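A closer look at the structure
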Amino acid sequence: MERKLRDRGSWSSKFGFIMAAAGSAIGLGNIWRFPYLTGQNGGAAFVLVYLLCVFLIGFPVMLNEFAVGRYTRKNPVGALKALNPTGYWKWVGGLGVLTGFVILSYYSVVAGWTVGYLMKILTGALSQWTTTEVVANSFGHFIASPLNSVGYLALFILLTMAVVVGGVKGGIERWCKILMPILLGLLILLVVRSVTLPGSGKGLLFYLKPDFSVISGKTVLMALGQAFFSLSLGMGAMMTYGSYISKEDNLVTSGFWVCLGDTLIAVLAGLALFPAVFAFGLQPEAGPKLIFIVLPAVFSKIPAGTGVGALFFLLLAIAALTSTVSLLEVVTAYLVDDKGWPRHKAVFSVGFLSILFGSLSALSQGAVKGLGALPLFNKPFLDLMDMIFGNYSLSFGAFRLVVFVGWKWGIKKAVEELKMGNPEFPYFGVWAFLIRFVCPLAVAFVLMGMAFGWI
Ligand code: TRP
């Protein structure tokens, strides 16, 4: 057992683990997806509902994944196989690995755009993008270019591979420990810049003063879905990271710090964005293109905009990298543990395949017509992948894992696992209640909402 543990690798410290898990959680989900959803769903009220979802549902579900991961010391497939060798539950893990692969492929496309933007800023091209219309046009051209979109996708996946091939301690942990604190520092800088712009007050009100009349069922459903995506739950990423934690470490406080850090970054991202959006009279409802279209125009109008813009997209690329690392790590861990592949072989094969598969998403944004509006779904390939794997599959995965732990494998064993490293924590009863009743019901609600088209 000891030897096996050493072979798989483990975190060198609790701090290293928290940074790696926070690195997985913090990404495009916080800085790109959270602000645009907030903008579309009425501002401060959405933020409030989101916070409730993170701490009432996301946090317990995260502990659930940590407990299964550390107990089994395995990737999602191996873990479920170990706990339930004959049953069909191992497919929960299998779906997680597949989901990780697909999310990696399209997430890296968007991540590639951030690198492309960074390059444009550094080469001075972006300074000619003056009005929002010009920016929108240029952005459209940029993502429709096959060379740009596939090139930056490949570049981003290669960067991810470079980190993951180094292994758990040498690669993932070392990078996250350095990059995460830098990210926080850069973001605080941007917030200070944004809230001191003249006319930023309206943005602050929109973002911080809740108007409860805008809360609807849809708001709640969107907020819960976003909580899963943002915290990297539902596909075994946190389970895999949990499998590298020492038995002495405190899972509850680690999980709490990760949730808090993830939320802090999302909230700061909104605080960096909305005051600026309002200060320049732009629309908070701009949707997925919010940061890519609105921000360059914003940057071009403020003093030292080039510098601020470069910082912002650098920070976004860093955040995305520490997330793609976790996605690649899940698939890698599966091939290393269950198929006995050497780590570098797993990393290279999966990386290469995800460049190929991701190209379909990259080319769906204007380069190839057929991929831009798929016959049956009338959506671009990338959007379809995000809907199926980023929404349905994650919620489905989280649902089945809470049901499995709460009702099949055993809530008692999970509590025992959580107690290691934290025997005095008084609220395990509350946690068990949340896992058995509150979480499955809430997630079932989201799934049904998606199935019946409420979302
Ligand atoms: N949570 C990351 C973000 O907010 C994305 C991500 C990384 C993810 N790993 C994941 C999402 C696993 C779901 C599952 O950007």
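Our subject is the structure listed above.
Just so we're clear, the structure is a prediction, and the values are computed from it rather than from any experiment. (Residues numbered from 1 in each chain as written. Predicted model: local features only at pLDDT ≥ 70, side-chain atom pairs only at ≥ 80, totals over all residues. Heavy atoms only, no water.)

1. A short note on the overall build of the chain
Going by this rule: Comment: elements are numbered from the N terminus, with helices defined as DSSP H or I runs of at least four residues and strands as E runs of at least two. For the radius of gyration, the atom set is restricted to C-alpha positions; the globular benchmark scales as 2.2 Å times the number of residues to the power 0.38. When accessible area is computed with a 1.4 Å probe and restricted to protein chains, residues below 20% of their type maximum are described as buried, those above 50% as exposed, and intermediate ones as partly exposed. Residues are treated as being in contact if the distance between any of their heavy atoms lies within 4.5 Å. Methods summary: accessible areas were calculated by the Shrake-Rupley approach with a probe of 1.4 Å, and residue burial reflects only the protein chains presented. Charge assignment: positive for Lys and Arg, negative for Asp and Glu; neither His nor the chain ends contribute. One atom stands in for each charge, and that atom is NZ of Lys, CZ of Arg, CG of Asp or CD of Glu.
Broken down by element type, the chain carries 20 helices and 0 strands. Here the C-alpha atoms of the chain give a radius of gyration of 21 Å, agreeing with the 23 Å that 2.2 N^0.38 yields for 455 residues. For the chain, the spread of C-alpha atoms along the principal axes amounts to about 60 × 50 × 45 Å. Taking all 455 residues of the chain together, the buried fraction comes to 59%. Contacts spanning at least 24 positions in sequence make up 82% of the contacts within the chain whose residues lie at least 6 apart. As displayed, the chain has an accessible area near 17,500 Å², and 70% of this comes from carbon and sulfur atoms. Considering the chain, the positive charge centre built from 33 side chains and the negative charge centre built from 18 side chains are found 3 Å apart.

2. Quick word on the site of the ligand
Just so we agree on the cut-off: Any residue with a heavy atom positioned within 4 Å of a molecule or strand is treated as near that molecule or strand. Within 3.5 Å is the distance limit for a polar contact, defined as a pair of N or O atoms, with the added protein rule that one can donate a hydrogen and the other accept it, and that residues adjacent in sequence qualify only through two side-chain atoms. In this count, Pro and Cys sit with the nonpolar residues alongside Ala, Val, Leu, Ile, Met, Phe, Trp and Tyr, while Asp, Glu, Lys and Arg are called charged and the others, Gly among them, polar.
Taken together, 16 residues surround the ligand, and among them Ala25, Gly29, Tyr107, Phe229 and Ser232 come closest. Ser24 is positioned such that a nitrogen or oxygen atom in its backbone is 3.3 Å from a nitrogen atom of the ligand. In this structure, Gly29 approaches the ligand through a main-chain N or O atom, which is 2.8 Å from an oxygen atom. Relative to its unbound accessible surface of 360 Å², the ligand loses 100% to contact with the protein. The set of elements that each furnish at least two residues to the shell around the ligand consists of α2 (14–25), α3 (28–40), α11 (217–230) and α15 (305–338). Residues of the shell around the ligand, tallied by class, amount to 8 nonpolar, 8 polar and no charged.

All we've got here are geometric facts, nothing functional implied.
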